[in-house]
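Residue strings, one per chain:
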Amino acid sequence: MRSELYIDGKWRPSSDGRTFDVVNPATEEVIHRIAAATAEDVDLAVKAARRAFDRDGWPKLSGAQRAKYLRAIAEGIRARQAEIARLEVIDNGKPFPEADWDVADAAGCFDFYAGLAEQLDNNPEEPIALPDARFTSKAVKEPIGVVGAIIPWNYPLLMAAWKVAPALAAGCTVVLKPAEVTSLTALELAAIADDVGLPAGVLNVVTGAGSVAGQAIIDHRQVDKLAFTGSGPVGSKIMAAAARDIKRISLELGGKSPFVVFDDADIDEAVEWIMFGIFWNQGQVCSATSRVLVQEGNYDRLLSRLVEETKKIRIGNGLEDGVLLGPLVSKRQHQQVVAAIEAAKAAGATVACGGKRPEGFETGYYLEPTVLTDVPLESDAWREEIFGPVVSIRTFSTEEEAIELANDSRFGLAAAVMSRDDRRAERVAAAFRAGIVWINCSQPTFTEAPWGGYKESGIGRELGRWGLDNYLETKQITRFATGEKWGWYIK
Ligand code: NAD
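The shown structure was predicted, so the numbers you read here are calculated from the model rather than taken from an experiment.

(A) Broad picture of the overall build of the protein chain. When helices and strands are tallied, the protein chain shows 15 helices and 22 strands. At 24 Å, the protein chain has a C-alpha radius of gyration in line with the 23 Å of a compact globule built from 491 residues. Based on the C-alpha atoms only, the size of the protein chain along its principal axes is roughly 80 × 60 × 40 Å. At a minimum sequence separation of 6, the contacts of the protein chain that also span at least 24 residues come to 72%. Of the roughly 20,500 Å² that the protein chain leaves accessible, carbon and sulfur atoms contribute 51%. Positive and negative side-chain charges of the protein chain, numbering 55 and 69 respectively, have mean locations separated by a distance of 7 Å.

Here it is as structure tokens:
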């Protein structure tokens, strides 16, 4: 396990020698210590990224040349897949098969953006038709510059890949700050980049507190763009900091996403996707479908099947075979989710199952998967993100009511609908005010498709070609034909 900052192609301790603890959420043991970056360290990292961008020529390489590095990073991740997945489990708590999936996905993300980097070479200029024949114009895409990438703890390596891969493909250089509770795999990513010979300064990783290292990144004058995934309140701070010097921003924030299940849906299929929509990754998923709306005719049977299956979920240390629900990521997160359940009960909600620490798990940040009913529409449990394995479920009668309830939220990250009537499903999908819509499923995410939210769930889109655009500026180059006269002042 790495423990130092990766700045300008070198490993170094923090400037004041401070470290912070890495805690395994399944055992509550301190398993490692990592350097806590200071503002001075961040300054070194930004300056290294600046040099790599302005002087050392990373953006001047062809897309094909950058793609070679990205493919080598993908290979490097795959070569150590099981080992990195294990690190993710002891750092984040998620079950091993999920971590294994994430690591494979992260490698795939580097491959995907390698392909798009190559396409930048094939299609660099877009001619623009103009009404005046004396002029010709074209639009070219250029990298934005130095990117400050700040990521959360729920998908540590994957969130790093979602930002680093398109940024490097575009020709940007990066200072990456992982969340303080899950820094291990971001440091491994730096080690892999180092192994494949990525030029110094192109990727820098600074670990440490959001209030110190994160703040220093967002305040730094030489950072051109902030790419952030995390909570709404920190997203607001980032937007405010970016306003001072008009930094580019992309924000992927929280959600309270609805899942609408019509009477014609198969009950078992609906239960399967409802569970996948909220218990995968212990419900610590920004797009989790945490508000389930079930049409009246199906409700009783669906609720009893949901409770029956939820009680069967095997809880345990993510390294054990067959475990489907690990601990929450941290003591703080556990306390917050338990407090949210208590607040829901105080507001009148009924706990249909779960709601407490599972028996036999005195150590570790474990929580039973929880189904809440009778959740008042105005309560926080219905409106605010809980970010844990807690689903609220209620009925609706008509399609119009379902759409109204689904859209009645300040968030708009994701939404799901299940119906065997394709036309109805498409109608509801079109009516959702959300950036990601699933029909007859919830959560499957593909690197090729755009990802991001409406309303308070964020700005900009990651993944797919939209993810590359996040790191590109558009320049118009307009030429006045040689030999022509303009003739305004000088006739
Ligand atoms: P968080 O906002 O507390 O932290 C995210 C990152 O921001 C961390 O690296 C943290 O150190 C850093 N940070 C904190 N304060 C900062 C500051 N003042 N300046 C700069 N950086 C700062 O969020 P979290 O608790 O790590 O993650 C959970 C939240 O993230 C949830 O609300 C969830 O919905 C959201 N999330 C969204 C997506 C998405 O794609 N939309 C994905 C994952 C998580």
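(B) Broad picture of the sheet that holds strand β13 (residues 291-295). Pairing within the open sheet is mixed, and its seven strands lie in the order β14-β15-β16-β13-β12-β18-β19. The two strands at the open ends of the sheet, each matched to only one other strand, are β14 (350-353) and β19 (436-439). Going across the sheet, the axis of each strand differs from the next one's by a mean of 25 degrees, ignoring polarity. Pairing geometry for strand β12 (residues 258-261) and strand β18 (residues 414-418), over three bridges, is parallel. Bridge pairing in β18 links V261 to M418.

(C) Highlighting empty space enclosed by the protein. The final tally for this structure, using the stated rule, is three cavities of 30 Å³ or more. Taken as a whole, the largest cavity holds about 70 Å³ of empty space. As for the largest cavity, its lining consists of 15 residues, and the residues nearest its centre are P258, A406, F411, G412 and A414. Those elements giving two or more residues to the lining of the largest cavity turn out to be α13 (399-407), β17 (411-412) and β18. Of the residues that constitute the lining of the largest cavity, the class distribution is eight nonpolar, four polar and three charged. Taken as a whole, the second largest cavity encloses approximately 60 Å³ of empty space. If you go around the second largest cavity, the residues you meet are G255, K256, I278, G283, V285, A288, S290, E385, I386, F387, G388 and V390. Of the residues contributing to the lining of the second largest cavity, the split by class is six nonpolar, four polar and two charged.

(D) Structural context of the pattern of salt bridges. For the structure on display, the rule yields 35 salt bridges. Note that E342 is salt-bridged to K345, the shortest N-O span being 3.2 Å. Taken as a pair, E342 and K345 lie in helix α11 (residues 331-346) at a separation of three residues, close to a single helical turn. Taking relative accessible area as the criterion, K345 reaches 37% and is therefore assigned partly exposed. A salt bridge links R383 to D408; its shortest N-O distance comes to 2.7 Å. Placement of the pair is R383 in helix α12 (residues 380-383) and D408 in the loop between α13 and β17, with a sequence separation of 25 residues. Residues joined by salt bridges that share partners form a network here, namely D268, R305, E308, E309 and K312.

(E) Structural context of the site of the ligand. In the neighbourhood of the ligand, 27 residues make up the surrounding shell, with I151, E180, S231, L253 and E385 lying closest. Here a nitrogen atom of the ligand sits 3.5 Å away from a polar atom, N or O, in the main chain of E252. Mapped by element, the contributors of at least two residues to the shell around the ligand are α7 (210-219), β10 (225-229) and α8 (232-245). Broken down by element, the shell around the ligand gets its largest block of residues, four residues, from α7.

(F) Up close: the pairing of strand β15 (residues 370-373). Burial along β15 is two-sided: T370 and L372 facing one way and V371 and T373 facing the other are all buried. Here β15 pairs with strand β16 (residues 390-396) via three bridges, running parallel. Bridging from a neighbouring strand, V371 pairs with V391 of β16.

(G) Up close: the sheet that holds strand β5 (residues 125-128). Strand order in the open sheet formed by three strands is β5-β6-β22, and the pairing between neighbours is antiparallel. The outermost strands of the open sheet, each flanked by one partner alone, are β5 and β22 (472-480). The average angle at which neighbouring strand axes cross in this sheet is 25 degrees, direction not considered. When β5 meets strand β6 (residues 135-143), the two strands line up antiparallel, connected through four bridges. Counterpart to P127 in the pairing with β6 is K138.

(H) Focus on a negative patch on the surface. Together, D263, E296, E401 and E404 make up a negatively charged patch on the protein surface. Position of E404 relative to the elements: it lies in helix α13.

(I) Representation of the side chain of T447 in the model. Note that T447 resides in the loop between β19 and β20 (454-455). Among all residues touching T447, those that are not within four sequence positions of it are D105, C109, F112, Y113, L463 and G464.

(J) View of the pairing of β19. The alternating pattern of β19 places I436 and W438 on a buried face, while none of V437 and I439, on the opposite face, is buried. Looking at chain direction, β18 and β19 are connected through four bridges and run parallel. Paired with A415 across the two strands is V437, which belongs to β19. After leaving β18, the chain enters helix α14 (residues 422-431) and then returns to the sheet as β19, a path that is right-handed.

(K) A look at the nonpolar core. Formed by 105 residues in total, the largest nonpolar core has its most connected members in F110 and L176. In terms of residue count, helix α5 (residues 156-170) provides more of this core than any other element does, twelve residues in total. Filtering out sequence-adjacent residues up to four positions away, L176 remains in contact with A149, I151, A160, V164, A186, L203, N204, V205 and V206.

What counts as what
- Residues numbered from 1 in each chain as written.
- Predicted model: local features only at pLDDT ≥ 70, side-chain atom pairs only at ≥ 80, totals over all residues.
- Heavy atoms only, no water.
- Helix = DSSP H or I, 4+ residues; strand = E, 2+ residues; numbered from the N terminus.
- Rg over C-alpha atoms; globule rule 2.2 N^0.38 Å.
- Contact = heavy atoms within 4.5 Å.
- Areas by Shrake-Rupley, 256 points an atom, 1.4 Å probe, with all protein chains shown as cover.
- Lys, Arg positive; Asp, Glu negative; His and termini not counted.
- Charge placed at Lys NZ, Arg CZ, Asp CG, Glu CD.
- Pairing = 2+ DSSP bridges.
- Axes fitted to C-alpha atoms, helices over the stretch in contact; angles between N-to-C directions.
- 1 Å grid on protein atoms, 1.4 Å probe; cavity = no way out; pocket = protein on both sides within 12 Å on 5 of 7 lines; lining within 4 Å.
- Points joined across faces, edges and corners; volume = space filled by probe spheres on them.
- Nonpolar A, V, L, I, M, F, W, Y, C, P; charged D, E, K, R; others polar.
- Salt bridge = Lys/Arg side-chain N within 4 Å of Asp/Glu carboxyl O.
- Buried < 20%, exposed > 50% of the residue type's maximum accessible area, 1.4 Å probe, protein only.
- Near = heavy atom within 4 Å.
- Polar contact = N/O pair within 3.5 Å; in protein donor to acceptor, adjacent residues only side chain to side chain.
- Patch = residues over 30% accessible without salt bridge, like charges linked within 9 Å, V, L, I, M, F, W, Y side chains within 5 Å.
- Right-handed = clockwise from strand over helix to strand, strands pointing away.
- Core = buried A, V, L, I, M, F, W, Y, C linked by side-chain atoms within 4.5 Å.

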